[in-house]
Structure formats: C-alpha cells, structure tokens
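Below are the chains, spelled out letter by letter.
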Amino acid sequence: MRYISSTRETRRLPTTVATTMKHDALDVTETLTCFARRGLWLALLLILLLGVYAVLTNVFPQSSAAHYGGWLMSLLPIAIVFAIVWLRSSLHGENANAANSPMHAVLHDELRQISLHKAYRAAFFSMLLCQPILGFTLTSMPLSATPQIMATVTVLVGACVFLTTFLLCDRP
Amino acid sequence: MPIERLRTHLKVQRAMRDLTQADLAAMSGTTRKSINAIEMGRMVPSTLLALKLARALNVSVETLFVLADAED
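Below: a short report on this structure. (Residues numbered from 1 in each chain as written. Chains lettered and ligands numbered in written order. Predicted model: local features only at pLDDT ≥ 70, side-chain atom pairs only at ≥ 80, totals over all residues. Heavy atoms only, no water.)

## Some details on the overall build of chain A
The secondary structure content of chain A amounts to 6 helices and 0 strands. Within chain A, buried positions represent 27% of all 172 residues. The long-range fraction of contacts in chain A, counting pairs at least 24 apart against all pairs at least 6 apart in sequence, stands at 67%. (Helix = DSSP H or I, 4+ residues; strand = E, 2+ residues; numbered from the N terminus. Buried < 20%, exposed > 50% of the residue type's maximum accessible area, 1.4 Å probe, protein only. Contact = heavy atoms within 4.5 Å.)

## Overview of the packing of aromatic side chains
All names here are of chain A. The tally for this structure, following the rule as stated, stands at 2 aromatic pairs over all chains. Ring centres of Phe124 and Phe125 lie 5.3 Å apart, and the angle between their planes is 65 degrees; this geometry places the pair in the edge-to-face category. For Phe124, a relative accessible area of 48% corresponds to the partly exposed category. (Phe/Tyr/Trp six-rings, centres within 6.5 Å; stacked < 30°, edge-to-face > 60°.)

## A word on helix α6 (residues 146-169) of chain A
Spanning 24 residues, α6 of chain A covers 34 Å between terminal C-alpha atoms, matching the ideal 34 Å at 1.5 Å per step. Three or more residues of α6 of chain A are buried, namely Ile149, Thr152, Val153, Thr154, Leu156, Gly158, Cys160, Phe162, Leu163, Thr165, Phe166 and Leu167 of chain A. (Expected span 1.5 Å × (residues − 1).)

## Quick notes on the packing of helix α2 (residues 21-28) of chain B against helix α4 (residues 47-57) of chain B
Residues and elements named next belong to chain B. Look at α2 against α4: their axes get within 9 Å of each other, and the N-to-C directions meet at 110 degrees. Here α4 runs roughly perpendicular to α2, going by the angle between their axes. Classified by chirality, the crossing of α4 by α2 is right-handed. Touching Leu24, Met27 and Ser28 of α2 are Leu49, Lys52, Leu53, Ala56 and Leu57, all from α4. The residue makeup of the contact of α2 with α4, split by class, is 6 nonpolar, 1 polar and 1 charged. (Axes fitted to C-alpha atoms, helices over the stretch in contact; angles between N-to-C directions. Parallel < 35°, antiparallel > 145°, perpendicular 65-115°, else oblique. Left-handed = near helix turned anticlockwise from the far one by under 90°. Nonpolar A, V, L, I, M, F, W, Y, C, P; charged D, E, K, R; others polar.)

Set out below in structure tokens:
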C-alpha cells in the first residue's frame, strides 16, 4: 500500500484535503530528518563532553572529579548497550510496519547511506592519523596513564569526526 | 578517451505527470533530497532505486537513465 496517492488521485479529493495530504507527506519525512539531525547534534555534544571529561580524568587522576566520575564512566558502556538495544527494537518488529514507511525511507535513503560511508571513512582515517601524533606527543609528557589517554583520545576523535562528517555531508 | 556519464530524464518524466519531488519520493520510498540529487546529476541511484522510480512513473529504466558518452 502506497503511503500517499499520486497527484491524479488526490485531484478527486477536495482541494484542501489533497493539499493537506501532500503537505503531510512532505512534512513527515522532513520532520523525521530534522529530528534525526537534532539527535545527532545532541549525541555529538554529549560524546564531546564525556570524552573530554574522560581524557582530563586520565591526565589528572588525582583530582576529585576523577574520583567521583570514575563510577559514572563505568556506567557509560551499559548505557550505550541499552541505547543500541532500544534503537534496534524500535526499528524492527511491530514498530517496523507499513505505517512507518516514512521512517524507513529516511533511514534507508541512498543519499544518507553515501554520507554515512563518507563519515565512516573519515573517522577511520582520522583514528589512524592520530596514532603517530599521540605517540610522539605522549612519550614526551610525564603522564602515567598513557595507554588509557591514547585509547580515549582515539575513540573521541573517531566518534566526533564520524558525527561531524555525517552532519556536514547530510545537511539539507 | 570517451568518459561514460549518466544522463537522467527523471525531471522531465516527473513534470509530465505533474508530480512534485516529494510526491515521487513518497511513491518510490525515498526522500525528496535524493530525488533532487538524482535530477541534478549529483547522485547515481542504485539499481533498486532506479527500478522503484521507473515503476512509480510507469516507464522503463532506460527511459529515465541513459548513458551519455563524453569526450575528455
């Protein structure tokens, strides 16, 4: 069943209803895209804040913020797993029916897929590039948690580059 | 050496049926942005999307997309 009828079919309807139907179709996908982008901006901000906090706690492990934030950071992987499980369950099963075809169109849009691939490539090469930079930088600094700092910065750079590249490539 | 490029008649076929980009996007299960990118030549659709577009417009894929040889 098509989500919206063609223009010829909507011509049989009263003008206001036909116009409303066409505007509804446009509004739904555009609204979904707008919401998705807002969510990604929020995710980028959250990852940036948490990542910077994680790096600083590794650089200054004796600070009080590192002491209290340690248990909070240990909950982060659990929260990520819950978020992924919730997201996948919302995209499959009863929620992934014909009524959600605008959602399906937005998520499986080819232009969006191209932007995703560009973002994956950018993130991969940025993570590779920061390895020698971090290696040279951290060996010259008197830090105790060098492997942790290197891992945290690598993940932070990869995640931020991925989200930023995707948001730039997929902008309306 | 000739370089093969994709030439599209999607905009013409869409206009002949008095459809907007949003209408065609909804009929073919994609977004208006993708339709615009295909019409502007900035994106080459996959086989699946090309077939969906052709079915939505009730034409063959070759009517919508042709190879256009261009000299360097």
